[in-house]
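# Descriptive analysis of the structure
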Amino acid sequence: MRSQYLLMIMALAILMGIASVLYAQQVQLPIYIPAVNVSITALSANGMPLTKYATVGLSCAGYNVSNIGLMSTVIPIPSTGSITCRAYAYSFGVYSSKTIVLTANESGEAISVTLVVPISGYYVPGIGFIPIGTLIAIAVVIIIVIILIVIGLIEYARWRRERLARLIRPPK
């Protein structure tokens, strides 16, 4: 009889062990990782957003991410000390960057970084952002085409006058 109780106690102990293992697998413990949400925006020198025309990125120790236009990313930071990151923007051959230091005090915050890319231009509806250099090049090409058309018209008028003059007076 005593062996039956011992066997029953062992079976209950095994079942309790299995139940506790299954319960432990279902319990999820929250783990807190300090992180900062960093948003990067690129603007031209006259304040126009370069949403489709700039490559923006963030480079931290072992963490590099880039995107076209706007970028928002979550950066894990150490619980003590700080991490130094470099935010950058590149558009129309011009580069701009800014250094950011993230500390544990900023954990859970959203940091907004605005980078000014030193290019000037205008937004033309239907076309998009056009840098000043491109506008000047277009203006120079238009002026050259107009000058060539005027020269062509002057030469055509001279040729017509000479041809009419030959018809009016007989050749010598």
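Each value, and the rule that gives it
- Residues numbered from 1 in each chain as written.
- Predicted model: local features only at pLDDT ≥ 70, side-chain atom pairs only at ≥ 80, totals over all residues.
- Heavy atoms only, no water.
- Core = buried A, V, L, I, M, F, W, Y, C linked by side-chain atoms within 4.5 Å.
- Buried < 20%, exposed > 50% of the residue type's maximum accessible area, 1.4 Å probe, protein only.
- Helix = DSSP H or I, 4+ residues; strand = E, 2+ residues; numbered from the N terminus.
- pLDDT = per-residue confidence, 0-100.
- Polar contact = N/O pair within 3.5 Å; in protein donor to acceptor, adjacent residues only side chain to side chain.
- Contact = heavy atoms within 4.5 Å.
- Pairing = 2+ DSSP bridges.
- Axes fitted to C-alpha atoms, helices over the stretch in contact; angles between N-to-C directions.

### Overview of the nonpolar core
Core analysis: the largest hydrophobic core is formed by 24 residues, its most contacted members being V38, I40, L58, L102 and V113. For this core, the secondary-structure elements that each account for two or more residues are β1 (35-43), β2 (55-60), β4 (71-76), β5 (82-91), β6 (94-103) and β7 (110-116).

### Digging into the confidence of the model for the protein chain
Residues with a pLDDT of 70 or more make up 91% of the protein chain, whose mean pLDDT is 83. Mean pLDDT values for the elements of the protein chain range from 73 in helix α1 (residues 2-26) up to 92 in helix α2 (residues 132-168).

### Observations regarding the side chain of S96
With respect to the helices, strands and loops of the structure, S96 is situated in strand β6. Within the structure, S96 has its side chain in polar contact with the backbone oxygen of V116 (distance 3.1 Å). When residues no more than four places from it in sequence are discounted, the contact partners of S96 are A87, Y88, A89, L115, V116, V117 and P118.

### Here's the deal with the sheet that holds β1
The three strands are arranged β4-β1-β7 in an open sheet whose pairing can be described as mixed. The sheet terminates laterally at β4 and β7, the two strands that pair on one side only. Each strand of the sheet is rotated relative to its neighbour by a mean of 25°, with strand direction disregarded.

### Considerations on unusual backbone geometry
The phi torsion at F92 lies on the positive side, around 50°, for a residue other than glycine. The class for F92 is partly exposed, based on a relative accessible area of 42%.

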